[in-house]
Amino acid sequence: SDQLIDQLVNGEHIALVSDAGMPGISDPGHILIQRAIAAEIAIIVLPGANAALTALIGSGLPTDHFLFYGFLPRKQKAKRDILAALKNQLETIIFYESPFRIKNTVATIYHELGNRQIVIARELTKQFETYIRGKASEVNRWLKTNDIKGECCLIVSGSEQAESNEQSLWWSPFSVVEHVNHYKETEHLTTKEAVKNVAKDRQMGPRDVYQMYHR
């Protein structure tokens, strides 16, 4: 960016172009923009393609208020912590995600945010543009037998204030055995790890969960 700033200071015109959407959105383009502003260089923005807004509008989910988050962390604990912090957001939430991590991310959203409406938008404005819409449980199940190719936008409905506690518990339809098996299958946990998660979800003792699982 130092070389580009020197060119701008010398009166040259520089076009900042991205090959993957609008510059400055989920890329380091904002660093160059900050440097240019600090050098008192005029910034002129020409609106271009934006995957986040395109996916939001095509999703069918509310567009009056929305939160763009970008990419979630790769590490599972950090991902879960971020989603837990977003759990009470009323706005529609927009994420970017890699096709290699989309299955894990949808499963984690299902665990942390409950059975919300989810839309996966892939290959937007291209020949194989696709929208996968449904409840988190449905999309999660679909992904178990289907592979996603191409970069994805993930649109998630916001929290509903009127939602009952029972409805907000994604695992409420499961028995204890199904709950443990769900963690083992979707997150590839050991039985011991899955039992700990179930105990935390249900506010039970791990020993009680273990005994019920092996009953």
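That block above? That's the structure.
An account of the accompanying structure is given in this report. (Residues numbered from 1 in each chain as written. Predicted model: local features only at pLDDT ≥ 70, side-chain atom pairs only at ≥ 80, totals over all residues. Heavy atoms only, no water.)

1. What to know about the sheet that holds strand β3 (residues 117-122)
We apply this condition: Only when DSSP finds a minimum of two bridges between them are two strands counted as paired. The secondary structure listing takes helices from DSSP runs of H or I that are at least 4 residues long and strands from runs of E that are at least 2 residues long, numbered from the N terminus. Axis definition: a line fitted to C-alpha atoms, over the contacting stretch in the case of helices. Angles run 0 to 180 degrees between N-to-C directions. Contact definition: two residues touch when any of their heavy atoms are within 4.5 Å.
Spatially, β1-β2-β5-β3-β4 is the arrangement adopted by the five strands of the open sheet, whose pairing is mixed. Because the sheet does not close on itself, it has two edges, and the strands there are β1 (66-71) and β4 (130-135). On average, each strand axis in the sheet is inclined to that of its neighbour by 15°, with strand direction left out of account. Strand direction decides the pairing type here: β3 and strand β5 (residues 152-156), joined by five bridges, are antiparallel. Within β5, the residue paired with I120 across the bridge is L154. Of the strands in this sheet, β1 and β2 (92-97) are in contact with helix α4 (residues 76-86), which crosses β2 at around 165°. On top of the sheet, helix α6 (residues 136-144) reaches β3 and β4; it is set at about 125° to β4, its chief contact.

2. Topic: the pattern of salt bridges
Side-chain pairs of opposite charge can arise where the charged atoms are in close proximity. Put simply, the rule reads: Salt bridges are counted wherever a side-chain nitrogen of Lys or Arg sits within 4 Å of a carboxyl oxygen of Asp or Glu. Only protein chains enter the accessibility calculation, which uses a 1.4 Å probe; a residue whose area is less than 20% of its type maximum is buried, one above 50% is exposed, and one in between is partly exposed.
Tallied over the entire structure, the rule returns five salt bridges. Here E112 makes a salt bridge to R80, at a shortest N to O gap of 2.7 Å. Of this pair, E112 sits in helix α5 (residues 102-113) while R80 sits in helix α4; the two residues are 32 residues apart in sequence, bridging distant segments of the chain. One exposure class covers both E112 and R80, and it is buried. With its nearest N and O atoms 3.2 Å apart, the salt bridge here joins R101 to E97. Residue class for E97 comes out buried when judged on its relative accessible area of 0%. In the salt-bridge network here, residues are joined through shared partners; they are R80, E112 and E187.

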